[in-house]
Amino acid sequence: MNLAPRLLSLWALASFAAWIAGPFLAAGTWRWPAGWTYAAITLTGLLAHGSYVRAKNPALRERRRRLGENTPGWDLAWNALVWPLFASAPVAAGFAERASQPPGPAWLVAAGAAVFAAGLAVSAWAMSVNPFFEATARLQTDAGQRVIESGPYRFVRHPGYLGLLLWGLSAPAVLRCAWAVPSAVGVAAWLVLRTALEDAMLRRGLAGYPEYASRVRFRLLPGLW
């Protein structure tokens, strides 16, 4: 029996629990308005995102629950670290609250929420048109994988990672906390790494992908990379 899927799921659940409770433990109090604002915006956005994807691509939910064959070891390691990295931003903000650091201006919350919403919109759009949008990066030889060129894939080759990038970068603004900026930069770097590794894998192993890459030049950031 392969324990990797179960262990990865348990780790994801533990990371989610730390994401919810960790910031308040770091702050040393439950009476932290910025923490509750961040939690409310995040959970509301994720619920809306999940509802949209289920309506547009209902079969994808089950596919994302499984760990597909041929998932490379580097991607298992990537998945093990990505959610703790996301959680580190609100935890850092919690420590800033404990240290009585003054929060940034209130308008940052609206700006951050807008960036977060844009990231979820891009991610949901990508997941709605891509039946191969699994939780791990692999060559899906068992599922007849093909190149997807509709929706946001007309503009960048990895729009799902662009959505996650916007989400990660929105956290310091929503939290109104400069201490969360290094965590956001770490999330961005981690996403750039996975984008590069997956893009190279697809170029080597997915029929038609090199030609698609020649038509859609940018992997993650339109006009940049």
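Reading guide: rules and limits
Residues numbered from 1 in each chain as written. Predicted model: local features only at pLDDT ≥ 70, side-chain atom pairs only at ≥ 80, totals over all residues. Heavy atoms only, no water. Helix = DSSP H or I, 4+ residues; strand = E, 2+ residues; numbered from the N terminus. Rg over C-alpha atoms; globule rule 2.2 N^0.38 Å. Buried < 20%, exposed > 50% of the residue type's maximum accessible area, 1.4 Å probe, protein only. Contact = heavy atoms within 4.5 Å. Areas by Shrake-Rupley, 256 points an atom, 1.4 Å probe, with all protein chains shown as cover. Lys, Arg positive; Asp, Glu negative; His and termini not counted. Charge placed at Lys NZ, Arg CZ, Asp CG, Glu CD. Expected span 1.5 Å × (residues − 1). Axes fitted to C-alpha atoms, helices over the stretch in contact; angles between N-to-C directions. Parallel < 35°, antiparallel > 145°, perpendicular 65-115°, else oblique. Nonpolar A, V, L, I, M, F, W, Y, C, P; charged D, E, K, R; others polar. Polar contact = N/O pair within 3.5 Å; in protein donor to acceptor, adjacent residues only side chain to side chain.

**Topic: the overall build of the protein**
Each helix and strand counted, the protein has eight helices and zero strands in total. Listing the helices and strands of the protein from first to last along the sequence gives α-α-α-α-α-α-α-α. A globule of 225 residues ought to have a C-alpha radius of gyration of about 17 Å, and the protein, at 18 Å, matches this closely. Here the protein holds 225 residues, and the buried ones make up 44% of them. Restricting to contacts in the protein with at least 6 residues of sequence separation, those with at least 24 account for 82%. Surface summary for the protein: the accessible area is close to 11,400 Å², and the carbon and sulfur share equals 66%. When the 21 basic and 10 acidic side-chain charges of the protein are each reduced to a single mean position, those positions are 7 Å apart.

**Let's talk about unusual backbone geometry**
In this structure, Ser100 is a non-glycine residue whose phi angle is positive, near 60 degrees. Structurally, Ser100 is set in the loop between α4 (73–98) and α5 (107–129). The backbone of Arg176 sits at a positive phi, close to 55 degrees, despite the residue not being glycine. In this fold, Arg176 is placed in the loop between α6 (159–175) and α7 (181–205).

**Considerations on α7**
Over its 25 residues, α7 extends 36 Å from the first C-alpha to the last, a length consistent with the 36 Å expected when each residue adds 1.5 Å. If you check which residues of α7 are buried, you get Ser183, Ala184, Val187, Ala188, Leu191, Arg194, Thr195, Glu198, Asp199, Met201 and Leu202. Along its buried surface, α7 packs onto α4, α6 and α8 (209–215).

**With respect to the packing of α4 against α6**
Between α4 and α6, the shortest axis-to-axis distance is 9 Å and the interhelical angle comes to 10 degrees. It follows that α4 is roughly parallel to α6 by the angle criterion. Together, Trp83, Phe86, Ala89, Pro90 and Ala93 of α4 and Leu164, Trp167, Gly168, Ala171 and Leu175 of α6 make up the contact between the two elements. Here the residues of the contact of α4 with α6 sort into nine nonpolar, one polar and no charged.

**Let's talk about the side chain of Gln145**
Looking at the secondary structure, you find Gln145 in the loop between α5 and α6. Only 2.8 Å separates the side chain of Gln145 from the backbone nitrogen of Gln140, close enough to count as a polar contact. The residues touching Gln145, leaving out its near neighbours within four places in the chain, are Phe132, Arg138, Leu139, Gln140, Leu202 and Leu206.

Read these as geometric descriptors, not functional statements.
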